[in-house]
Amino acid sequence: MNPALTTEAAVQLQEGINLTLSRWAALRMAIENEWGGRDSLQKSQQLGDLLFHRLTQSKEQVYIDDIEDMLDEFMLSLNTEIGDGSIEEIAENLMVMREECLEGNFDSIKRLKEANVPSVSYSRQPGSNDEDSDDDSGDDGDDENTGGEKSTEMEVDAPQLQSSHNRNGAMADDPSVKELPEVVDGWTEVASRRSRGRRN
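Residues numbered from 1 in each chain as written. Predicted model: local features only at pLDDT ≥ 70, side-chain atom pairs only at ≥ 80, totals over all residues. Heavy atoms only, no water.

- The name given to the protein in an unreviewed UniProt entry is Pre-rRNA-processing protein TSR2, and the organism recorded there is Rehmannia glutinosa.
- The Sequence similarities (unreviewed entry) comment attached to the protein in UniProt states, word for word, "Belongs to the TSR2 family." (UniProt positions renumbered as here; feature names shortened; annotations may be inferred.)

The following block contains the structure:
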């Protein structure tokens with residue numbers, strides 16, 4: 001059974017949990033981009049309550065693996081898979097915070113409150129992840145990436161060909177060297193499988 005927290009320690013722990021979650025970049029991205037649906041913010045607030053309850057009211061001993069599993073399952077519910085080690089870091093911070101609160105030590109929470117965390121905004125660029133996006137903004141994708149324009153296009157260098165030599169240094173009319181595919185608007189056109197011939 002978990003030891004009981006004083007009222008002050010419980011209030012401090014709840015605030016520490018909320019501060020920790022609000023500064024978790026992966027969770028913030030998922031909320032701001034509504035990866036878990038329009039109620040992503042409400043879901044994240046419920047996570048804070050669930051973690052607080054688990055850390056303070058659980059009848060069984062709480063282990064760091066339990067907290068990691070809760071965080072991982074929650075992020076998966078937001079359609080977000082985390083592989084950067086932040087789940088383990090957050091879980092460890094919460095467990096340390098809980099132990100400190102049991103001892104009446106609120107230093108880590110005080111440091112969280114005082115920390116000047118830069119406000120970082122993560123937002124999805126329009127049409128950046130939708131291949132079949134219907135963007136009626138009139139942008140045909142031919143703009144050069146200049147100045148303050150928002151662009152989600154990747155710049156691709158066109159292949160540099162010398163007059164009669166290809167990249168391998170062979171003569172262009174050498175039958176042993178295949179022709180380079182044609183590049184159109186930054187995309188390489190390739191022949192269909194049917195035009196290349198069938199394999200036996």
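Okay, back to it.
## Some remarks on the packing of helix α1 (residues 7–22) against helix α3 (residues 40–57)
Thought 1: Look at α1 against α3: their axes get within 10 Å of each other, and the N-to-C directions meet at 140°. Put simply, α1 runs oblique to α3. The two elements α1 and α3 cross, and the hand of that crossing is right-handed. Contacts between α1 and α3 involve Ala-10, Leu-13, Gln-14, Ile-17, Asn-18 and Leu-21 from the former and Ser-44, Leu-47, Gly-48, Asp-49, Leu-51, Phe-52, Leu-55 and Thr-56 from the latter. (Axes fitted to C-alpha atoms, helices over the stretch in contact; angles between N-to-C directions. Helix = DSSP H or I, 4+ residues; strand = E, 2+ residues; numbered from the N terminus. Parallel < 35°, antiparallel > 145°, perpendicular 65-115°, else oblique. Left-handed = near helix turned anticlockwise from the far one by under 90°. Contact = heavy atoms within 4.5 Å.)

## Description of the environment of Leu-47
Thought 1: Summarising the element assignment, Leu-47 is placed in helix α3.
Thought 2: Once the C-alpha coordinates of Leu-47 and Leu-71 are considered, the two residues, 24 residues apart in sequence, prove to be 8.2 Å apart.
Thought 3: In contact with Leu-47, other than residues within four places in its own chain, are Leu-21, Leu-71 and Phe-74.

## Looking at the nonpolar core
Thought 1: Counting residues in each nonpolar core, the largest one holds 33 residues, and the members touching the most others are Leu-21, Trp-24, Leu-51, Ile-67, Leu-71 and Met-75.
Thought 2: It is helix α5 (residues 86–102) that contributes the most residues to this core, 7 residues altogether.
Thought 3: Residues contacting Leu-21, with those up to four places away along its chain left out, are Leu-27, Ser-44, Leu-47, Gly-48, Leu-51, Leu-71 and Ile-90. (Core = buried A, V, L, I, M, F, W, Y, C linked by side-chain atoms within 4.5 Å. Buried < 20%, exposed > 50% of the residue type's maximum accessible area, 1.4 Å probe, protein only.)

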